[in-house]
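Listed below are the residues making up each chain.
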Amino acid sequence: VQLQASGGGLVQAGGSLRLSCAASGTTFSINVMGWYRQAPGKQRELVATSASGGSTHYADSVKGRFTISRDTAKNTVYLQMNILKPEDTAVYYCNADLVTPGGLQYRAWGQGTLVTVSS
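Just so you know, these numbers come straight off a predicted model, no measurement behind them. (Residues numbered from 1 in each chain as written. Predicted model: local features only at pLDDT ≥ 70, side-chain atom pairs only at ≥ 80, totals over all residues. Heavy atoms only, no water.)

## As for the pairing of strand E9 (residues 90-99)
With eight of 10 residues buried, E9 is to be regarded as a mostly interior element. Alignment of strand E4 (residues 29-38) against E9, held across nine bridges, turns out to be antiparallel. Each residue of the ladder has a partner; that of isoleucine 30, found in E9, is leucine 98. Pairing of E9 with strand E11 (residues 113-118) involves three bridges; the strand directions are antiparallel. For tyrosine 92, the partnering residue across the bridge sits in E11 and is threonine 113. Two strands pair when backbone bridges link them, and E9 and strand E10 (residues 105-109) are joined in this way by five bridges, in the antiparallel orientation. Following the sheet pairing, alanine 96 is matched in E10 by alanine 108. Connecting E9 to the next strand, E10, in antiparallel fashion are five residues, including glycine 103 with a positive phi near 95°. (Buried < 20%, exposed > 50% of the residue type's maximum accessible area, 1.4 Å probe, protein only. Helix = DSSP H or I, 4+ residues; strand = E, 2+ residues; numbered from the N terminus. Pairing = 2+ DSSP bridges.)

## Some words on the sheet that holds strand E1 (residues 2-6)
The antiparallel open sheet is built from four strands, whose spatial order is E1-E3-E8-E7. The two strands at the open ends of the sheet, each matched to only one other strand, are E1 and strand E7 (66-71). Pairs of neighbouring strands in the sheet enclose a mean axial angle of 15°, with direction left out of account. In the sheet, E1 pairs with strand E3 (residues 17-24) via five bridges, with the strands oriented antiparallel. Bridge pairing in E3 places leucine 3 opposite alanine 23. (Axes fitted to C-alpha atoms, helices over the stretch in contact; angles between N-to-C directions.)

Pasting the structure below:
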């Protein structure tokens, strides 16, 4: 499976960006898709997840500003980021939790897309 993330860039504080991540090359079921981020010198942290059943989860730091959505037919997950802050600057990674027909689960990661928010 390949996860291709796009949509990162440079934006001023208060602005918006929309990230996309498309999964390809698999026939396995995808349970959860999500976004993580890693700022310079910090550990990778959860941003938001979207389960196949429709439930979503957000980090407290992005609640009310970010919205995760998903097109299951296209195996694509989106992250709409509004009211961006300089502390949102990070490399954003998408991931997908896949389930094989035999019930094995594994996580695939995308290559990351850089989001830079200037003050």
